[in-house]
Amino acid sequence: MAQRLRLSRRDFLKISALAGGGLLLGVHLPSSGRLAEAAGDAVFAPNVFLRIGTDGAIIVEVARSEMGQGVMTALPMLIAEELDVGLDQLSARFAPADTAYVNRLIGQQLTGGSTSVRDAWVVLREAGAVAREMLVATAAEQWGVPPGECRTERAQVIHGASGRRTGYGELAAAAASQPVPESVFLKDPEEWRLIGTRAPRLDVPEKVSGQARFGLDVRLPGMLFASVERCPVFGGRLLRVDDAKARAVSGVVDVVPVTAGIAVVAKDTWSAFQGRKALAVDWDFAGNETLDSAAIRRRFEARLAERGVPVREEGDAPKALSGAAKTVEAIYEAPFQAHACMEPMNATADVRADGCDVYVPTQAQTRTQQVAMTITGLPEERVRVHTTYLGGGFGRRGEADFVLDAVELSKHLGRPVQVVWTREDDIRHCFYRPATLNRLRGGIDAAGSPIAWEHQIVGPSILARVAPAAVKDGVDRTSVEGAANLPYAIPNIQVDYSLAGTQVPVGFWRSVGSSQNAWVTECFLDELAAAAGRDPFELRRALLEGSPRHLRVLELAADKAGWGKPLPAGRHRGIAVAESFAGFVAQVAEVSVGEDGQVRVHRVVCAVDVGPVINPDTVEAQMEGGIVFGLTATLKGAVTIEAGRVVQGNFHDFPLLRIDEMPLIEVHIARSDDPIGGVGEPGTPPIAPAVCNAVYAATGTPVRALPIALGPRKAGAEKAPAAQPMA
Amino acid sequence: MISLRINGETRRVEVDPETPLLWVLRDHLGLTGTKYGCGVALCGSCLVHLDGEPVNACVTPVGAVGGRTVTTIEGLAKDLSHPLQRAWIAEQVPQCGYCQPGQLMAAAALLAKIPQPTDSEIDQAMSRVLCRCGTYSRIRRAIHRAAVPETKEV
């Protein structure tokens, strides 16, 4: 039987009557995120999670953005479980921007860092339980029976002995005047009827009928469409523009300078695009027009030549290296990456004297609201953020550059304006996954055990742009995650970081630092395994004895993949394991390498431990998605810089994985009583090293730069990995 | 004035005939189910049918449509009754969902030609539609599911 638990924050629960009758469960949420701490004050404001109308309508406010990760279903599942209603009996809608909806793990209303369910896991179940208890108390009073004799099922309170039953809607008005309980029962896991089931996603029907409203689908009366020409060179600015030809394009209404460049505003999107092509713009490139990828690499190399800031020091790695029986040294290089959400960036703003509405596919309601407040000068309560479905996010939609465009234009024109970025705008004006240069040195003792690990990471900092105060002693923690927390029991470890900024703007890209650090560290571990003559899985297993969750997924993946068992001719396996965002994932990739050097990934076996699982189908989907996202970066594209600008522009030169390149993916969810973890990001980090380690097994040459680019292979080139002698 | 036959209705629009069908659908006719993804026929988010053939609406000038029948995602079926829509729901295919109208239109054109496609036939027909969320395995399963006559389902 479940224990009666004190509410985790009973002080913040408020119940009130809905206008027009019904029950409204509000929760005041204090913010406890790092950014909020930095800001120095906690956030207290009313907030609504749940409305139950007298007509029985149950509405759950979803305060996180649905970008494909299933949050619009997962969060209502938490409330519905404890409220005892079916998912088919409620409707979910996206909450407005409100300080009360702050993600306590981040300190803003933001969907990112695979935090949504972790943040909501307790509080939304409590919200459901509180509402249920008050509904039961109301019914019991009306019937003159003890509440303990009542049960609930599918939005009804039932008194078994008398056979009486009443729907929540009929009880809602009276329930709103009940006192908020001090404590509630939360179900034991074995009592769950919804959590842990493959409940169908609430957003799927709309998404297969074409009715789902994304940002670009917003249509307002009198709305105009705009397209913004941005300076092609990073850091440049507009000098002058000749817009005569643009204004002559049919459908063009105006040409307006904005912070980001120069906007062409038209009656439809196509006319705005055409008008933009007719602009003649002079830019001041601010001296950045000579920047290219080679120059950035030289900058990184110079930083690599000097010691970085230590972020982890255990034992004495340099000394252990000098005394090692074998040493291995390698340079690993990861490129800039774009998010390339399928829905190009956009926002629609309607600025009036008395208020501003922003309709936007955003991960960041707080930032959106702040940007709009700054531009319009309107107070918070007059700036309403309407979150639409997001056609992909991956971190890109945590930015507000597209919001700035739209709000500036609507303010200037006094009409609703939808800003539409082209695909080229999206690829060339992204906030890229940082490029990094890494040096690794490893030492092995005479018995074949790794005894020394040195890793220096050089790269630009995301936090230096978005939260400079969060860069502590020259270290951006997002740049070293996945490296500083190396899980292996190696006695001498030194991890250093050298912040090396460039003019290329960088941002959060699905799984952030781990997206490349897991690749670097897990590939280098295979180099050490080769040098030691040890099996990569067995070496990991030996070094992970003190990391049970890593070990759990590593062994599960190896078992399900048949690690060590023979493969068809020409196929090779690679394994990798990583923790990110409190999710533990191991993957085994099966690849073949063609004569032309083409890498084909045939099968990926994925094992995941995220503690309790709300919806296994969503976990599987997120693993599949994380793997595909990582495979594109492993096999396909990269962002490179020439003449101060991004070379790539569309899917011909920034290709994405296609269905004919899709491996068979098997996801195995580990049974786990450990704390709940994220699922949106942890699927991505292991795939690049799993694939590269399989390629290493196939070719005997480690893959030290992404994306994988192998030349044609010599006949008989297939060989076992060999130790790389230290230079 | 250009006259179009879309989803069983006749619609008239006053636009430059060079305007791509995509923007006529989205900005002039309120049919926003067809998506913009690349503008140059590389991603397939904008797939519609012209007389049953899948075409990229982003590179199809509206003036070139002529008397052909245009079918968009909104016209695939009323009430989610198309076997592919049912299969998409059963397999829980969409994640962000943005590319799915294009995926469904490509799949519908495939099944109209090849009622029970092989994996390689699916690859060939579907590789023109990109999905950044990685729903490809489920798309493949859903097409196979829709291809099986429902009376044979257990």
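1. Some points on the overall build of chain A
Within chain A one finds 20 helices and 30 strands. Relative to the 2.2 N^0.38 estimate, which gives 27 Å for 727 residues, the radius of gyration of chain A is 27 Å and therefore close to what a compact globule would have. Over its C-alpha atoms, taken along the principal directions, chain A stretches across nearly 85 × 75 × 50 Å. Burial status across chain A gives 58% buried among its 727 residues. Considering only residue pairs separated by 6 or more positions, chain A has 76% of its internal contacts joining residues 24 or more positions apart.

2. Some remarks on the domain arrangement of chain B
Residue and element names in this part refer to chain B. The domains assigned to chain B are domain 1 (2-76) and domain 2 (78-148). Domain 1 puts 16 residues into the contact, and the matching count from domain 2 is 15 residues. At 3 residues, strand 3 (residues 47-50) tops the list of elements feeding residues into the side of domain 1 that touches domain 2. Residues that form the side of domain 1 that touches domain 2 fall into these classes: 7 nonpolar, 7 polar and 2 charged.

3. Some thoughts on unusual backbone geometry
Omega for the bond connecting Leu 706 of chain A with Pro 707 of chain A falls within 30 degrees of zero, at -10°, which places this linkage in the cis form. One non-glycine residue, Asp 473 of chain A, lies in positive phi territory at about 50°. Of note, Asp 473 of chain A is situated in the loop between helix 14 (463-466) and helix 15 (477-480). Note on Asp 473 of chain A: 8 C-beta atoms within 10 Å, which makes it exposed. Unusually for a residue other than glycine, Leu 80 of chain B sits at a positive phi of about 55°. Structurally, Leu 80 of chain B can be placed in the loop between helix 2 (73-76) and helix 3 (83-90).

4. Looking at the domain arrangement of chain A
The accessible area lost on association of the parts is a frequent measure of interface size. All names here are of chain A. Taken domain by domain, chain A comprises domain 1 (4-206), domain 2 (215-285 + 345-420) and domain 3 (294-336 + 432-699). Centre-to-centre separation of domain 1 and domain 3, based on C-alpha positions: 38 Å. The partner domain 3 presents 22 residues to the 20 residues of domain 1 that form the contact. Only helix 1 (34-39), helix 2 (71-83) and helix 3 (116-120) provide two or more residues apiece to the side of domain 1 that touches domain 3. In terms of residues, the side of domain 1 that touches domain 3 owes the most to one element, helix 2, which gives 4 residues. Split into classes, the residues belonging to the side of domain 1 that touches domain 3 amount to 9 nonpolar, 9 polar and 2 charged.

5. Re the sheet that holds strand 3 of chain B
Residue and element names in this part refer to chain B. Taken in spatial order, the 5 strands line up as 2-1-5-3-4 in an open sheet, and their pairing is mixed. Lying at the two open borders of the sheet, with one neighbouring strand each, are strand 2 (9-13) and strand 4 (53-56). Neighbour to neighbour, the strand axes of the sheet diverge by 40° on average, direction disregarded. As defined by bridge partners, strand 3 adjoins strand 4 across 4 bridges and the pair is classed as antiparallel. Looking at strand 4, one finds that His 49 is bridged to Pro 54. With respect to the sheet, helix 4 (residues 100-113) is in contact with strand 3 and strand 4, its orientation differing from that of strand 3 by roughly 35°.

6. As for the interface of chain B and chain A
With 44 residues of chain B at the interface, the matching set in chain A holds 48 residues. Mapped by element, the contributors of at least two residues to the side of chain B that touches chain A are helix 1 (21-28), helix 2, helix 3, helix 4, helix 5 (119-126) and helix 6 (136-147) of chain B. In terms of residues, the side of chain B that touches chain A owes the most to one element, helix 6 of chain B, which gives 4 residues. Each residue belonging to the side of chain B that touches chain A can be placed in one class, and the counts come to 22 nonpolar, 16 polar and 6 charged.

7. Observations regarding the sheet that holds strand 19 (residues 355-360) of chain A
All names here are of chain A. What the 7 strands build is an open sheet, ordered 13-14-11-21-18-19-20; its pairing is mixed. Of all the strands in the sheet, the pair left with one neighbour each is strand 13 (252-258) and strand 20 (383-387). Pairwise comparison of adjacent strand axes, ignoring direction, gives a mean angle of 20° for this sheet. Strand direction decides the pairing type here: strand 11 (residues 224-230) and strand 21 (residues 417-420), joined by 3 bridges, are parallel. Bridge assignment links Leu 224 to a residue of strand 21, and that residue is Val 417. Where helix 12 (residues 401-413) meets the sheet, its contacts fall on strand 11, strand 13, strand 14 (261-266), strand 18 (346-352), strand 19 and strand 21, and the angle it forms with strand 18 comes to roughly 35°.

About the cut-offs
- Residues numbered from 1 in each chain as written.
- Chains lettered and ligands numbered in written order.
- Predicted model: local features only at pLDDT ≥ 70, side-chain atom pairs only at ≥ 80, totals over all residues.
- Helix = DSSP H or I, 4+ residues; strand = E, 2+ residues; numbered from the N terminus.
- Rg over C-alpha atoms; globule rule 2.2 N^0.38 Å.
- Buried ≥ 20, exposed ≤ 12 C-beta atoms within 10 Å, placed from the backbone.
- Contact = placed C-beta atoms within 7 Å.
- Domains from an automatic or database assignment.
- Nonpolar A, V, L, I, M, F, W, Y, C, P; charged D, E, K, R; others polar.
- Pairing = 2+ DSSP bridges.
- Axes fitted to C-alpha atoms, helices over the stretch in contact; angles between N-to-C directions.

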